[in-house]
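Take a look at the letters that make up each chain.
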Amino acid sequence: MATCRRLGPNGRDLRPSEPVGVGTIADQYVTRCEQRGFGLNVMCVGPTASGKATLLDSLFERDFGLESHPHQPDSVSIQTVRETIQEADGSVDVSLVTSVGYGDQIVRTDSTAPIVEYIEAQFDAYLQEELKTKRDLQSQLDLRVHACIFMLRPTGKTLTSLDLQLLQALQDKVNVIPVIAKADTITAAELRDFKTLLRQEFEANKLHLYQGNVPTENYPMAVVASKDTVSVGGVTQRVRRYPWGMVEVTNDAHSDFNKLRKLLFRSCTEDLRHSTHTVHYEHFRSEKLTLLGGGHSDENGDQEPQTVTDMYEARRTEIDNEVKQFEATCKQSFVQRVDAENNRVKEREAKLASQRAALEQKFAAEAQALDRQEKEYEQALRAFEEDKARVMKEREEGLDKKKKKGKNK
């Protein structure tokens, strides 16, 4: 007879009815999961003032302190909060992510990028740990988003182009759960028609969104959330107060809030986690490793996996080739620049030599002219001295003749 095992603090005895006791494996798995702990990462995306923080607080029945933000026209950002929730004998580490400023921009070209980049960044962080030689995935903080609650405005009309663009970008990266926010602001008939219109749009645009066990007629779910509470029949409930009465958040006749909570926590939690790892993460991992050279094609053109060592060697060879090509390009560019500089220097030298020759020729001509002028000046000076001497001599001779004449008289 198989040994009986005692599980849990209450000491639950497992007494197998069969000799082998394989029926206890499921309970052993439960025990191991309880020891490891559970994690649930939920993202809530929607326009400003759509009630994202209120919905998350209502779902988990607590105040996470998520800040309400005014319109943010500059760019879209991400707000995160982590908390451990204890309930009965179980606990779960919850990571909540909300978008800030989505749809507030005038030019919305990059409005979807921060949301998609955050999801991919969590995938990439997990992949980096997974590819390590010595990895510890059990202690790795896994922040991969398991569910994305996509809040739609209760317009009663079609999807906006921005919402459609983001849904198309997210459908292959995360389990997208579309919900109609503030569903108490439109009539029951309008809400019914709006759901039908949205389902038609989802199908027309081939959107693969997460439905879980939600009936088709209730999809997408229309929810109401509130931070106000009242006591109804001795039970505290969240409500929205109006002059004509109250809307009870957990009343199935008023909203699909209970269906959303059931899908997230009671019936599809493990399916959300499982599909995140086996579908969305595997899709990201395959694309990433393919870009890194992590696969090769067989004769039929199908992608075959390689070992990590082969992938590493292939990537290293590729990088070495890129470095060699870059070095050759730099060397060629350097040689060209040196040759160009040498040519420029030679041209400058030739120009300076030509200018020097012209100046030397000019200076030689001016020197010859100066020599000639100097000789002419010397000749003129000698002629002047000779004339002066002659004049002085003639003057003296004239004076001597006058003196002699005076004596004779």
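Each value, and the rule that gives it
- Residues numbered from 1 in each chain as written.
- Predicted model: local features only at pLDDT ≥ 70, side-chain atom pairs only at ≥ 80, totals over all residues.
- Heavy atoms only, no water.
- 1 Å grid on protein atoms, 1.4 Å probe; cavity = no way out; pocket = protein on both sides within 12 Å on 5 of 7 lines; lining within 4 Å.
- Points joined across faces, edges and corners; volume = space filled by probe spheres on them.
- Helix = DSSP H or I, 4+ residues; strand = E, 2+ residues; numbered from the N terminus.
- Nonpolar A, V, L, I, M, F, W, Y, C, P; charged D, E, K, R; others polar.
- Pairing = 2+ DSSP bridges.
- Buried < 20%, exposed > 50% of the residue type's maximum accessible area, 1.4 Å probe, protein only.
- Right-handed = clockwise from strand over helix to strand, strands pointing away.
- pLDDT = per-residue confidence, 0-100.
- Contact = heavy atoms within 4.5 Å.
- Patch = residues over 30% accessible without salt bridge, like charges linked within 9 Å, V, L, I, M, F, W, Y side chains within 5 Å.
- Areas by Shrake-Rupley, 256 points an atom, 1.4 Å probe, with all protein chains shown as cover.
- Salt bridge = Lys/Arg side-chain N within 4 Å of Asp/Glu carboxyl O.
- Axes fitted to C-alpha atoms, helices over the stretch in contact; angles between N-to-C directions.

Engineer: Describe the layout of surface pockets, listing the residues and the values that go with them.
Structural biologist: Its volume calculated, the largest pocket comes out at about 1700 Å³. If you trace the largest pocket, you find 46 residues lining it, with G37, F38, G39, V92 and R273 closest to the centre. Listing elements by their share of the lining of the largest pocket, those giving two or more residues are α1 (25-36), β3 (38-45), α2 (52-60), β4 (77-87), β5 (90-100), α6 (257-267) and α7 (269-291). Of all the elements, α7 adds the most residues to the lining of the largest pocket, at seven residues. The class makeup of the residues in the lining of the largest pocket is 16 nonpolar, 16 polar and 14 charged.

Engineer: Tell me what's going on with the sheet that holds strand β7 (residues 176-180), and back it up with residues and numbers.
Structural biologist: Strand order in the open sheet formed by six strands is β4-β5-β3-β6-β7-β8, with mixed pairing between adjacent strands. Edge strands, defined here as strands with exactly one partner in the open sheet, are β4 and β8 (221-222). Of the pairings in the sheet, the one linking β7 to β8 comprises two bridges and is parallel in character. Bridging from a neighbouring strand, V179 pairs with M221 of β8.

Engineer: So what about the pairing of β5? Which residues, and what values?
Structural biologist: Strand direction decides the pairing type here: β3 and β5, joined by seven bridges, are parallel. Within β5, the residue paired with N41 across the bridge is S95. Note: β4 against β5, eleven bridges, orientation antiparallel. Counterpart to V81 in the pairing with β5 is L96. Taken together, β4 and the strand that follows it, β5, pair antiparallel across an intervening segment of two residues, in which A88 is found at a positive phi of about 55°.

Engineer: Help me get a handle on the pairing of β7, residues and values and all.
Structural biologist: Counting buried residues in β7 gives five out of five residues, a clear majority hidden from the surface. Residues V176, P178 and I180 line one face of β7 and the alternating positions I177 and V179 line the opposite face, and both faces are buried. Alignment of strand β6 (residues 147-152) against β7, held across five bridges, turns out to be parallel. The residue bridging M151 from the neighbouring strand is V179, located in β7. Each parallel crossover has a hand, and the one from β6 via helix α4 (residues 161-170) to β7 is right-handed. Taken together, β7, helix α5 (residues 188-204) and β8 form a β-α-β motif whose crossover is right-handed.

Engineer: Which residues make up the confidence of the model for the chain, and what values do they have?
Structural biologist: Looking at the chain as a whole, its pLDDT mean stands at 84, while 90% of the residues score no less than 70. Across residues 1-6, where pLDDT falls below 50, the model places 17 contacts with residues more than four positions away in sequence or in other chains.

Engineer: Any chance you could break down unusual backbone geometry for me, citing the residues and the numbers?
Structural biologist: A negative phi angle is the norm for most residues apart from glycine, just as the trans form is the norm for most peptide bonds. Omega for the bond connecting Y219 with P220 falls within 30 degrees of zero, at -5°, which places this linkage in the cis form. With respect to the element layout, P220 can be found in the loop between α5 and β8. Phi angles above zero are rare outside glycine, and E61 is one such case at about 55°. By the element assignment, E61 lies in the loop between α2 and β4. Despite not being glycine, K182 shows a phi value in the positive range, around 50°. With respect to the helices and strands, the residue K182 is situated in the loop between β7 and α5.

Engineer: Describe a nonpolar patch on the surface, and please don't skip the residues or the numbers.
Structural biologist: Among the surface-exposed residues, F334, V335 and V338 lie close enough to one another that they form a single nonpolar patch of about 260 Å² accessible area. Exposure remark for V338: the relative accessible area of 31% places this residue in the partly exposed category.

Engineer: I'd like a rundown of the sheet that holds strand β10 (residues 235-242), residues and numbers included.
Structural biologist: With antiparallel pairing, three strands are arranged side by side in an open sheet as β9-β10-β11. At either end of the open sheet lies a strand with only one pairing partner, and these are β9 (229-232) and β11 (245-248). Averaged over all neighbouring strand pairs, the angle between strand axes comes to 55°, with direction disregarded. Of the strand pairs in this sheet, β10 and β11 are connected by four bridges, and their pairing is antiparallel. When the bridges of β11 are listed, V239 appears paired with E248.

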